[in-house]
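Each chain is listed here by its residues.
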Amino acid sequence: MTRWSWMALFGGRLRLSAAAVVVVIVIIIAGASLPLFLINFRTISVDEVSSVAPNGSGRVDLQVTATVGELEVVFLPMEGEAVRVRSNVQGSSNIFGKDSPLRVGITSENTTDARGGTQSVNVTLDTYAPWPNYSLRIVSFSIAVNENLRTSLNLSVTTGGISLTTARGVALEKLELNSTAKGAKVSLDNGTVLDGDIRIQTATGGSALSWNNLTVVGDRSLTLIESSGPINASFCQSAPMEGSVNMTVKDTLGEVRLRFDLAGQAAARVTCGWSLGDPRVVDRGGFSGTPTSFSSDNYPSDSHFRVQVNQTIGNIRVNGRWTP
């Protein structure tokens with residue numbers, strides 16, 4: 001082998017050794033940096049309260065949009081506040097995570113609709129916490145609405161659940177609710193006045209509705225839609241309801257359970273349609289019929305529930321009781 005051949009071979013080995021050293025250095029740096037990605041050592045703790053004052057119209061149109069989390073809406077007696085928003089986010093982050101992954105936006109403006117002047121309040125709750133930069137244990141929001149204001153609600157959670165509880169004297173002019181993952185739980189408590197339509201739509205997680213002695217203004221619609229989860233709705237109406245409710249229940253994959261406990265002038269009729277499932281109706285007194293037509297003995301009445309259930313895959317269970 002010539003001198004030039006030996007020099008070329010030696011130089012190639014040097015270059016190979018230098019490349020190996022670089023690779024080792026990169027591996028060492030990557031190994032040292034890995035904990036910065038995986039170890040969450042910064043504490044995330046957000047507990048914020050914001051509110052808006054009423055505009056004097058006596059009405060509020062509240063729209064809430066949340067990207068992630070559990071949303072709770074309640075009605076309370078509040079002095080000098082139309083809407084109060086409390087945000088709670090708890091968890092941790094690594095070196096690349098910002099101090100707070102939450103952005104809260106609240107706007108309020110005076111508007112006019114078909115019923116007159118109102119206060120339009122828009123609340124956005126944007127939580128952006130991608131893994132591995134963040135690890136969140138709690139993402140929850142509690143919104144209180146002044147119970148003295150006639151209220152329209154439009155609530156939406158992209159990934160999470162919604163719970164809503166009314167109170168005596170609350171007047172609902174509209175309720176629209178959309179949630180995924182953890183569904184919805186709605187309690188319309190004794191003394192609530194329904195002066196608008198209700199639409200509750202959930203993608204997964206199911207929905208639960210509790211109706212307890214409402215006053216209904218005129219003829220109203222109530223729609224429950226679920227794609228892959230159960231629907232449970234319970235109606236207790238012994239006080240005069242005054243108006244009527246046209247109800248539609250649609251479930252693609254999941255069980256539908258309806259219960260009616262009625263008295264006096266309140267009446268109900270349930271019509272079921274299904275593709276694959278086992279529909280059953282149970283007369284607990286004062287009801288009769290089959291799944292295709294199950295009604296209280298006093299139906300039709302001026303104050304009544306007229307219900308259409310459409311089920312694709314899943315069982316239907318309807319319980320009914322009516323007492324004079």
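Bear in mind that the values here come from a model prediction, so they are computed numbers and not experimental data. (Residues numbered from 1 in each chain as written. Predicted model: local features only at pLDDT ≥ 70, side-chain atom pairs only at ≥ 80, totals over all residues. Heavy atoms only, no water.)

A. Inspection of the pattern of salt bridges at higher detail. On inspection of all chains with the given rule, the structure shows 15 salt bridges. With a shortest N-O distance of 2.9 Å, Arg59 and Asp113 are connected by a salt bridge. Of this pair, Arg59 sits in strand β2 (residues 59-76) while Asp113 sits in strand β4 (residues 102-113), and the two are 54 residues apart along the sequence. Here Arg59 falls in the buried class, since its relative accessible area comes to 8%. Between Arg115 and Asp195 there is a salt bridge, with the nearest N and O atoms lying 2.9 Å from each other. Of this pair, Arg115 sits in the loop between β4 and β5 (116-127) while Asp195 sits in the loop between β9 (193-194) and β10 (198-204), placing them 80 residues apart in sequence. Asp195 sits in the buried class, given a relative accessible area of 10%. (Salt bridge = Lys/Arg side-chain N within 4 Å of Asp/Glu carboxyl O. Helix = DSSP H or I, 4+ residues; strand = E, 2+ residues; numbered from the N terminus. Buried < 20%, exposed > 50% of the residue type's maximum accessible area, 1.4 Å probe, protein only.)

B. Region of the structure containing the confidence of the model for the protein chain. Summarising the model, the protein chain shows a mean pLDDT of 90, and 88% of its residues fall at 70 or more. Throughout residues 6-10 the model reports pLDDT below 50, and contacts reaching past four residues in sequence, or to other chains, amount to one contact. The model gives residues 21-34 a pLDDT under 50, and that stretch makes zero contacts with residues more than four places away or in other chains. (pLDDT = per-residue confidence, 0-100. Contact = heavy atoms within 4.5 Å.)

C. Molecular detail of the packing of aromatic side chains. Under the counting rule described, the total for this entry stands at six aromatic pairs. Between Trp211 and Phe235, the aromatic rings sit 5.8 Å apart at their centres with planes inclined by 50°, giving tilted as the arrangement. Here Trp211, found in strand β11 (residues 207-212), pairs with Phe235, found in strand β13 (residues 231-237); they are 24 residues apart in sequence, far enough to count as distant. With relative accessibility at 1%, the residue Trp211 sits in the buried group. A centroid spacing of 5.3 Å and a plane angle of 75° characterise the contact between Trp211 and Phe305, whose relative ring orientation is edge-to-face. (Phe/Tyr/Trp six-rings, centres within 6.5 Å; stacked < 30°, edge-to-face > 60°.)

D. A look at unusual backbone geometry. The amide bond that connects Trp131 to the next residue, Pro132, takes the cis arrangement and shows omega of 10°. As for its placement among the helices and strands, Pro132 is situated in the loop between β5 and β6 (134-146). The backbone phi angle of Ala181 is positive, close to 75°, even though this residue is not glycine. Secondary-structure assignment places Ala181 in strand β8 (residues 171-188). Residue Ala181 is classed as partly exposed on the basis of its relative accessible area of 42%.

E. Just the pairing of β11, in detail. Of the two faces of β11, only the one carrying Ser207, Leu209 and Trp211 is buried; Ala208, Ser210 and Asn212 on the other face are not. Where β8 and β11 come together, five bridges link them in parallel fashion. What sits directly across from Lys185, in β11, is Ala208. For β11 and β13, the ladder comprises six bridges, and the chain directions are parallel. Each residue of the ladder has a partner; that of Ser207, found in β13, is Ile231. (Pairing = 2+ DSSP bridges.)

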